[in-house]
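Report on the structure
Residues per chain are reported as follows:
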Amino acid sequence: MVKITLNKLLKCIGVACQTTIEVQGITDRSDEAKQDWLFISLHGTRDSGEKYLDEVLAKGAYVLSSEPHDDERIFFHEHLHKAAAELLDVYYARPYEKLHVCGVTGTSGKTSVSSLCVQLLNAQGLKTMLIGTNGIQYEQQMIPTGNTTPSLFILMRCLHEALERGITHVVMEVSSHAVATHRIGNIRYDVIIFTRITSDHLDFHFTQSQYRYTKFKLRFSLKPQGTVILHNDDQKMREFYQLNHHKLITYGFQAAHFTAESPVVTDRDSSFVMHDYTFHSPLLSDVNILNTAAVIAYGRLIQVSYAKLQETVSRFQGIPGRLECIRTQAYTIWIDYAHTSDALKNVLLFAEKVKTNRIITVIGCGGERDRIKRPLMAELSAHYSDLTILTADNPRSEWLPQILFDMCPEPKPNTVIIEDRRCAIKHAVKNAGNGDIIIIAGRGNEAYQTIYGQRIRFLDQDAVKEILLREEVPWISNI
Ligand SMILES: CC(=O)N[C@H]1[C@@H](OP(=O)(O)OP(=O)(O)OC[C@H]2O[C@@H](n3ccc(=O)[nH]c3=O)[C@H](O)[C@@H]2O)O[C@H](CO)[C@@H](O)[C@@H]1O[C@H](C)C(=O)N[C@@H](C)C(=O)N[C@H](CCC(=O)O)C(=O)O
Ligand SMILES: Nc1ncnc2c1ncn2[C@@H]1O[C@H](COP(=O)(O)OP(=O)(O)OP(=O)(O)O)[C@@H](O)[C@H]1O
Ligand SMILES: N[C@H](CCC[C@H](N)C(=O)O)C(=O)O
């Protein structure tokens, strides 16, 4: 970062200050603030930086607050998010301008598309950083984050770190929450990939169109020569055409610049044709063909040849918790992060296509999230599955029986409720027969379950493997 004194830094946002100490860091987290750091005291949804002022001042930090205080170490600014973006820009010297930055947004597919983009970039010998739900990944390191898009303070630190390490390409997931709450600050993107935008987080965005336009707003964060890569199949996505945007490339199954034709999916792999080139992929399902089409569009944009793209696609590595497949001799278990009705429907439709016997689905819904999706997800599961087991996801602070009641207010045929997720998975495995597909949906590779405020280690994959081990059933996994 830039060596800068507090008075010079604050001058950039029009705040008068006489203190000439050299700023050692900028944060909004009280636990991180240290001697000569600047603590930005944000108001949040659950907490407020104002509660921690005594603590950070005692540690020798300075404060920027949106409330007036009678303390010469606390400075005032009315618009803290805007101020934070400006300060971080100055402090880290706008690292995004020197990097190739690709943002991936959409309701489903962000982690999949961004991970595959990084696999493509790595196959080109480029140095990359991936920021998303599965953590911050670079140079064999994986730093977990609690969010799909971390806070601007973490993001800017990461981009700075990337430059320091000679990383040239950063791919990051951008959630709708991040766009709405200024979490991406002034970061500018070379490419923005839109996956499908359906419906989620209506607890936060209230209406689907508000949700969609929040995502579309991300186009304002393109660099002047930046490109949008847009999923084109859904009529609603085409509303994007009417907006004032930069260069636009489309992909999808129908009439797009990058159209995936003649798609074939099996329970082991997939293939399709694009611009007369045949692509074979070890990834499962139509949605991964779609995700691959987006990655090919991205690859062509950065001038990767079709031959190289064919080779890379044929070597794609599965992504943990995204249609992760555990096969036994008799039945197959898919562990998947489908936690929206659209994602769940796609997994169920895929299972319908490739099944040779029954579909058994284990599914729950998260607490403190969109309640509208709860009955929809239970209905979809009951419609497509021979047996549905409703269970806990992350109830968070909500009462689990209420979540399950929201999912299933009336008894449904072939639906049972088993609150404990491990017992629910066990019930599915015990009831599986030859040729059955068990879908364990909603948590992907989440390693902790949050139940009434407590974080308990729980990974669907571990639960499955423990049960198989106890039953002495051998298995193989695709990850
Ligand atoms: C509702 C929401 O989005 N909250 C996010 C938001 O927190 P917030 O602004 O409400 O902050 P807060 O917890 O009230 O705290 C207020 C201030 O006090 C500070 N504080 C707080 C506690 C403390 O001990 N010391 C301290 O200094 C905090 O650093 C903060 O500056 O900003 C934080 C930092 O960026 C996020 O971690 C936090 O995500 C919470 C954990 C969350 O669950 N968010 C979900 C809804 C979310 O954002 N999900 C999307 C993905 C959605 C998708 O699937 O598309 C994501 O990007 O993760
Ligand atoms: N392009 C897609 N369209 C619809 N569903 C998809 C698509 N890609 C993946 N999925 C489904 O959605 C689930 C979540 O995928 P992924 O993690 O890639 O999405 P995400 O947008 O990153 O999710 P989150 O916002 O929770 O981080 C997958 O497990 C799969 O079932
Ligand atoms: N990024 C999503 C993940 C939801 C995953 C699901 N397992 C849940 O806990 O609801 C969110 O924060 O809403």
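Residues numbered from 1 in each chain as written. Chains lettered and ligands numbered in written order. Predicted model: local features only at pLDDT ≥ 70, side-chain atom pairs only at ≥ 80, totals over all residues. Heavy atoms only, no water.

Going by the annotation in an unreviewed UniProt entry, the name recorded for the protein chain is UDP-N-acetylmuramoyl-L-alanyl-D-glutamate--2,6-diaminopimelate ligase, with Copranaerobaculum intestinale given as the source organism. For the record of the protein chain, the UniProt heading Function (unreviewed entry) holds the text "Catalyzes the addition of meso-diaminopimelic acid to the nucleotide precursor UDP-N-acetylmuramoyl-L-alanyl-D-glutamate (UMAG) in the biosynthesis of bacterial cell-wall peptidoglycan." UniProt annotates the protein chain under Catalytic activity (unreviewed entry) with the comment "UDP-N-acetyl-alpha-D-muramoyl-L-alanyl-D-glutamate + meso-2,6-diaminopimelate + ATP = UDP-N-acetyl-alpha-D-muramoyl-L-alanyl-gamma-D-glutamyl-meso-2,6-diaminopimelate + ADP + phosphate + H(+)". (UniProt positions renumbered as here; feature names shortened; annotations may be inferred.)

Now for the site of ligand 1. Close contacts around ligand 1 come from 22 residues, with T45, D47, N147, T148 and S175 the closest. One nitrogen or oxygen atom from the side chain of S30 is found 2.7 Å from a nitrogen atom belonging to ligand 1. Here T45 contributes a side-chain N or O atom positioned 2.4 Å from an oxygen atom of ligand 1. Here the shell around ligand 1 is built from residues that sort into 3 nonpolar, 12 polar and 7 charged. Both domains that furnish three or more residues to the shell around ligand 1 are identified here as domain 1 (6-92) and domain 2 (95-314). (Near = heavy atom within 4 Å. Polar contact = N/O pair within 3.5 Å; in protein donor to acceptor, adjacent residues only side chain to side chain. Nonpolar A, V, L, I, M, F, W, Y, C, P; charged D, E, K, R; others polar. Domains from an automatic or database assignment.)

Assigned domains within the protein chain: domain 1 (6-92), domain 2 (95-314) and domain 3 (324-477). Centre-to-centre, using C-alpha coordinates, domain 1 lies 45 Å away from domain 3.

The environment of ligand 3 is formed by 10 residues, the closest being R369, D393, N394, R396 and G442. The separation between a nitrogen atom of ligand 3 and a polar main-chain atom of G442 is 2.8 Å. A distance of 3.1 Å separates a nitrogen atom of ligand 3 from a polar side-chain atom of E446. In isolation ligand 3 exposes 350 Å². Once the protein is present, 86% of that is buried. Counted by class, the shell around ligand 3 contains 1 nonpolar, 5 polar and 4 charged residues. (Areas by Shrake-Rupley, 256 points an atom, 1.4 Å probe, with all protein chains shown as cover.)

Moving on, we get to the environment of L159. Topologically, L159 is positioned in helix 5 (residues 152-164). Linking L159 and H169, residues 10 residues apart in sequence, is a C-alpha distance of 9.9 Å. Residues within four places of L159 in sequence aside, it is in contact with P95, Y96, L99, V170 and I187. (Helix = DSSP H or I, 4+ residues; strand = E, 2+ residues; numbered from the N terminus. Contact = heavy atoms within 4.5 Å.)

This brings us to helix 5. For the α-helix, the turn length of 3.6 residues means that residues three or four positions removed from each other point alike. Taking 1.5 Å of rise per residue, 13 residues should cover 18 Å, and helix 5 covers 18 Å from first to last C-alpha, within 8% of that figure. When helix 5 is considered as a whole, its buried residues turn out to be L152, F153, L155, M156, C158, L159, H160 and A162. Looking at the buried residues of helix 5, the elements they touch are strand 1 (25-27), strand 2 (37-41), helix 3 (80-92), strand 6 (128-132), strand 7 (135-138) and strand 9 (169-173). Backbone geometry just after helix 5 places G166 at a positive phi near 75°. (Expected span 1.5 Å × (residues − 1). Buried < 20%, exposed > 50% of the residue type's maximum accessible area, 1.4 Å probe, protein only.)

Overall, the coordinates contain 4 aromatic pairs when judged by the stated rule. Seen in terms of ring centroids, Y91 and Y92 are 5.1 Å apart; in terms of plane orientation they differ by 80°. Their pairing is edge-to-face. Y91 gets classed as buried once you look at its relative accessible area, which sits at 2%. Residues W334 and F350 carry aromatic rings whose centres are separated by 4.9 Å and whose planes lie at 15° to one another, so their mutual orientation is stacked. (Phe/Tyr/Trp six-rings, centres within 6.5 Å; stacked < 30°, edge-to-face > 60°.)

The complete set of buried residues in helix 10 (residues 306-314) reads Y306, L309, T312 and V313. For helix 10, the buried positions fall inside an angular range of 120° around the axis, keeping them on one side. For helix 10, the elements touching its buried residues are helix 4 (110-123), strand 13 (258-259), strand 16 (277-281) and helix 9 (286-301). (Arc of directions from axis to C-beta.)

Across the 5 residues that make up strand 19 (residues 359-363), a large majority, 5, are buried. Alternating positions in strand 19 separate into two faces, I359, T361 and I363 on one and I360 and V362 on the other, with burial throughout. Bridging between strand 19 and strand 22 (residues 437-441) involves 4 bridges; their strand directions are parallel. Counted as the bridge partner of V362 is I440 from strand 22. In terms of strand pairing, strand 19 meets strand 20 (residues 387-390) through 4 bridges, oriented parallel. Looking at the pairing, V362 lines up with I389 of strand 20. Each parallel crossover has a hand, and the one from strand 19 via helix 12 (residues 373-384) to strand 20 is right-handed. (Pairing = 2+ DSSP bridges. Right-handed = clockwise from strand over helix to strand, strands pointing away.)

Before going further, it helps to examine the sheet that holds strand 7. Spatial ordering of the open sheet is given by 8-7-6-9-5-10-11-12-13, a layout of 9 strands whose pairing is mixed. Edge strands, defined here as strands with exactly one partner in the open sheet, are strand 8 (141-143) and strand 13. Two strands pair when backbone bridges link them, and strand 6 and strand 9 are joined in this way by 4 bridges, in the parallel orientation. Each bridged residue has a counterpart across the sheet, and for I131 the counterpart in strand 9 is M172. On top of the sheet, helix 9 reaches strand 5 (100-105), strand 9, strand 10 (189-194), strand 11 (222-231), strand 12 (247-252) and strand 13; it is set at about 145° to strand 12, its chief contact. (Axes fitted to C-alpha atoms, helices over the stretch in contact; angles between N-to-C directions.)

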